[in-house]
Amino acid sequence: TFSPQPYGVEGEIAISGPTVLKKYLDNPLADMKSYFFLSVPSGEDSLNASRYFLTGDVGTLDTEGFLFLKGRAKELIKKGGEQ
C-alpha cells in the first residue's frame, strides 16, 4: 500500500499531473508496476483519487516542501548494453 511519508522519511517518489507519461507502449505489466491511485483530501470531508507514477527514485521531503533525491529504487534503462 502506498501512502505519503512523514517529512524526512525516505520513500519512492511518485508524481502526478497532466505532463506525466500516460502509459508504456504495449507493456501493460510495466503499467501495473508503475502506476497506482491515491486518495487525497480535497476539501470538506471529500477525497479525490489521483493516478500516480512511480519514478524509481528515492527521496525525502523537508518541512518546507523541498525534495531531496537520495538514490534509485529501480534499474536504469539499458540501451546498447550500457546504462
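Now for a quick tour of the structure.

Reading the values: rules and limits
- In this convention, every chain numbers its residues from 1, walking through the sequence in written order.
- Reporting of local features is limited, given that this is a predicted model, to residues whose pLDDT is at least 70; pairs of side-chain atoms are given and counted only at 80 or more, and all residues count toward the totals for whole chains, interfaces and linings.
- Computation of side-chain values covers all heavy atoms of the structure but excludes hydrogens and water.
- Under the DSSP-based scheme used, a helix requires at least four consecutive residues in state H or I and a strand at least two consecutive residues in state E, with every element numbered from the N terminus.
- Definition used for salt bridges: Asp or Glu carboxyl oxygen within 4 Å of a side-chain nitrogen of Lys or Arg.
- Burial classes follow relative accessibility: with a 1.4 Å probe on protein chains only, a residue under 20% of its type's maximum area counts as buried, one over 50% as exposed, and anything between as partly exposed.

Moving on, we come to unusual backbone geometry. Excluding glycine, most residues fall at negative phi; most peptide bonds, likewise, are trans. You will see that Asp26, though not glycine, has its phi angle at about 55°, which is positive. Relative to the helices and strands, Asp26 resides in the loop between strand 1 (11-15) and helix 1 (28-34).

Between side chains of opposite charge, a pair can form when the charged atoms approach closely. Under the definition given, this model contains one salt bridge. Close ionic contact of Arg72 with Asp57 constitutes a salt bridge, the shortest N to O distance being 2.9 Å. Within this pair, whereas Arg72 is found in strand 4 (residues 67-72), its partner Asp57 is found in strand 3 (residues 47-61), the two being separated by 15 residues in sequence. Overall, the relative accessible area of 22% leaves Asp57 in the partly exposed class.

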